[in-house]
Structure formats: structure tokens, C-alpha cells
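Geometric and topological summary
The primary structure of each chain is shown beneath.
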Amino acid sequence: MTHAATGAALRTSLYDDHVRLGGQMVEFGGWMMPLQYSSMREEHIAVRERVGLFDVSHMGEFRLHGPGAVEALEGVVTNRVEDLAIGQARYNVVCESSGGIIDDTLVYRHSQDHFTVVVNAGPRLRDLEHFRILIGDACEVEDVTLATGLIAVQGPRALDLLRPLADVDLDGVGYYHFQDGHIEGVPAAFSRTGYTGEDGFELFVAWDDAPAVWGRLLETGAALGVLPCGLGARDTLRLEASMRLSGQDIDETTNPLEAGLGWAVKLDKGDFVGREALLTVKEEGPRRSFVGLELEGRAIARHGYIISDGDRRVGEITSGTFSFTLGKAVAMGYVETPSKDSEQLTVEVRGAPVAAHRTPLPFYKRQRS
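The following paragraphs examine the structure supplied in this document. (Residues numbered from 1 in each chain as written. Predicted model: local features only at pLDDT ≥ 70, side-chain atom pairs only at ≥ 80, totals over all residues. Heavy atoms only, no water.)

**A word on the pairing of strand S17 (residues 312-323)**
Taken residue by residue, a regular strand's side chains alternate between the two faces of the sheet. Rules: Accessibility here uses a 1.4 Å probe with only protein chains present; expressed as a share of the type maximum, an area under 20% marks a residue as buried, one over 50% as exposed, and anything in between as partly exposed. Think of it this way: any DSSP run of H or I at least four residues long counts as a helix, any run of E at least two long counts as a strand, and we number them from the N terminus. One bridge is not enough; two strands pair if DSSP finds at least two bridges between them.
The element S17 is extensively covered by neighbouring structure, given that nine of its 12 residues are classed as buried. Across four bridges, the pairing between strand S16 (residues 306-309) and S17 is antiparallel. Bridge pairing in S17 links Ser308 to Arg313. Between S16 and S17, which follow one another and run antiparallel, lie two residues, and Gly310 among them has a positive phi close to 70 degrees. What sits between the antiparallel neighbours S17 and strand S18 (residues 328-336) is a turn of four residues, in which Gly327 has the positive phi angle 70 degrees.

Written out as C-alpha cells, the structure is:
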């Protein structure tokens, strides 16, 4: 098992596979990860139309176990945990006392007192410290990131790829649920989750088992048109599905209510870090709103670009791209919450104003069968 890389960046157990496949390696969140293999567009389309594979082993995993785990978790995250069924996952937000967002997470329940919390790569160590300080000795908090491989299989053919390899009924695994089993004899947890807006699974395997699983998926998926996919396509896919990017769309300067994540905040569940601040935000109303924008032409709005209403600056872009699926430039960001919303705005792109109009999120929603 090796995690070392040039400088301070870590390597997943699939690093050599990425290099062999021609992956363009970049540092992301403290890890060396593939940005793309062929092209972002090709990889993006593969996921929307067929199936793509992503190495997401850079994500952090914490195991919480012990009699105090439920109560301890409830005090750290914004969404309800106590009513999670065994085998169910739930989106959550971790806040500071100010209500600002430290990270967003998925919480998985394995048994009555055993949970996995998946966090983002960049803030992992800060998250770990935050959890350990708040939880204390109420339960065990174990960082298993460097022992866990995580592979995302995403797209309308994901089930077709996984069915013959798995020893469990994946059709029976509901969205945001997971099932323990084996893939080609390798122990795995099959989680029906993802960050692309498509159907699919994320496979939790042992760190050293990930290369064999990755290779078998590529081999079996060749007939389905599978492609290995990098961070570039992951970003364009999640942006079309309007999924927030931690550290970019959400951070300590934003709160979940203004970020459009109020559905993941249960202010009536009991105390948790940030609750008092969020109660105030709800009472007074958010000062900003998270919005979707479609830009005219092909100009791309990037993080930090200014949004204006006439001559008045009203906000800024947090994420933007050209949507390969929709064939238009789209972006997300925060704007002031005025008494009357303006539908027509402008975004300053490289010093020039570009017309943009507000559009409901998500930009893209897959057709469910």
C-alpha cells in the first residue's frame, strides 16, 4: 500500500493505471488525480449516454462507531441521522457555529451504532479535527481514507456493467441506499449514489483491491462503450446537475439556506453546530440566493466573475462551464435577494458584459424509467 507522491500530494492505488491509460495528472485536494484521458467532452458524453468510470478514492471516509454515535453525529451535521435505515445514505452539511459551511458529506448507516461519513478531499483533515473535537469520547472516530478505494460507475448502462459482476441484486438497491456484497469475489459495498446526475453506483472496496476491480470494469465494459473519466468531466457533469462543489460553491462564507440546501437542514431535530445562526437566517431571510444562469453565446463564466443588474453589482459566479449536453453556457452563483427578482442579468467575462438570464436549477435532470 503506497500513498506517497511527488511533493506533498498523495496517490490513490489507481495512480499507475491512470498513467498507463494516458491520464493527464494534476493535483487536486492534495491528491494526484486524472484531469482527463481522451477529452472532457468525450468522457462527459460517455456518462450521459453510456457509462463512465471515475476514481474517487481521494474522497475521505470516517468510520463512527459506538453506543454514542447517533447522538454525536446529530450534533455535528445539519440533516437528521437518527431515522436513517440500515443500508441508507443521506446528504448532510457540516457547519461552523456561524452557520458557514465547512463541508458537505454523505452519511451511511451500517448498523444501529456504526456509520461512515464521506467527506471531500481538500477539507478532510479539517473535517476530521472538527468531528473529533465535537464528538470527543462519545464514540470512536476513525479515518479510514487511506485504506479505502472508491470507484464511481455512472451512466444509463451502469447497471448493465455491474449486474454480471456483482453477487447481489443491484436492481433492488434504491437511490441513496447501499448493499454489501462482492464484485468478482472482491468484498465491496455498492452505493447507489453519484456526482453526475446519472444513475449509477459508487463501489467501496479495500485500497489494494481497487486496481483489480477497476481493470475488470474496463474490460467488461468495453462492449458497452465504457470510458475512464477524469476530474474535468466530473465537474461538467455535476454542474449540469447543479450539484454544489465544496470550497467553490459552498464554503465558510456561505450558509446552507442561501446555498439552496435548506432541504438538508432540519432545524427542529435538536441542537447541532450552527443551528442558532441558521435559525436567525431563516427568521430574517437569506441575504443572497443561489441561482442558475444561462449565458448568451459561448462565453464561459468562471469562478469569481461579477454578476450585475444594470449598472449595479449584485453577486458573483461560483461555477460555470459550457454544457455539452444542453449546448449552451451555464453558470451558478450568488446574487443579492431583492424584493423583486430580476430575470435578466449580465456577467462580466474578461472585461466585457455578457447577457445572462436566470433559469431554474438543475440545468439537467435525467429521464427516469
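**Re the packing of aromatic side chains**
Applied cut-off: Stacked, edge-to-face and tilted labels apply to pairs of Phe, Tyr and Trp rings (six-membered ring for Trp) whose centres lie within 6.5 Å, assigned for plane angles under 30 degrees, over 60, and everything in between, in that order. Look at NZ for Lys and CZ for Arg. If either is within 6 Å of the ring centre and within 35 degrees of the ring normal, a charge sits over the ring.
Applying the stated criterion to the full structure yields eight aromatic pairs. Here the aromatic residues Tyr108, Phe178 and Phe204 are joined through ring pairs into a cluster of three or more. Directly above the ring of Tyr15 sits Arg11, whose terminal nitrogen or CZ lies 4.0 Å from the centroid. Its end group placed over the ring of Tyr364, Arg48 keeps NZ or CZ at 4.0 Å from the ring centre.

**As for unusual backbone geometry**
For the bond running from Leu361 to Pro362, omega is 0 degrees, close enough to zero to count as cis. Structurally, the position occupied by Pro362 is in the segment after strand S20 (352-359). In this structure, Glu184 is a non-glycine residue whose phi angle is positive, near 50 degrees. The residue Glu184 is located in the loop between strand S11 (178-183) and strand S12 (186-191) in this model. The phi angle at Arg350 is positive, at roughly 50 degrees, despite the residue not being glycine. Positionally, Arg350 belongs in the loop between strand S19 (344-349) and S20. Overall, Arg350 belongs to the exposed group, its relative accessible area being 69%.

**Section: the nonpolar core**
One broad trend across soluble globular proteins is that nonpolar side chains are buried collectively. We apply this condition: We define a nonpolar core as any set of buried Ala, Val, Leu, Ile, Met, Phe, Trp, Tyr and Cys residues linked to one another through side-chain atoms lying within 4.5 Å. Pairs of residues are marked as contacts when any of their non-hydrogen atoms sit within 4.5 Å.
Counting residues in each nonpolar core, the largest one holds 35 residues, and the members touching the most others are Phe54, Tyr91, Tyr108 and Ile250. At the level of elements, strand S6 (89-95), strand S7 (101-111), strand S10 (148-154), helix H7 (231-240) and S18 are the ones that each hand at least two residues to this core. Per-element tally for this core: the top contributor is S6, with four residues. With sequence-adjacent residues up to four places away left out, Tyr108 is seen in contact with Gln88, Ala89, His114, Phe115, Thr116, Val118, Phe178, Ser191, Thr193, Glu202 and Phe204. Ranked by size, the runner-up nonpolar core spans 28 residues in total, among them Leu14, Leu53, Ile183 and Ala188.

**Quick notes on the sheet that holds S7**
Pairing between sheet strands relies on hydrogen bonds along the backbone, with the strands arranged either parallel or antiparallel. As a reminder of what qualifies: Structural elements are reduced to axes, namely lines fitted to C-alpha atoms, with helices fitted over the stretch in contact, and the angle between N-to-C directions of any two is expressed from 0 to 180 degrees.
Across the sheet, which stays open at both edges, the five strands sit in the order S6-S7-S8-S5-S9 with antiparallel pairing between neighbours. The open sheet is flanked by S6 and strand S9 (140-143), the only strands paired with a single partner. Mean inter-strand twist for the sheet, computed between neighbouring axes without regard to direction, equals 30 degrees. By the bridge criterion, six bridges tie strand S5 (residues 60-65) to strand S8 (residues 114-119) in an arrangement that is antiparallel. For Phe62, the partnering residue across the bridge sits in S8 and is Val117. Packing against the sheet, helix H4 (residues 124-135) makes contact with S5, S6, S7, S8 and S9, and its axis sits at approximately 170 degrees to S9.

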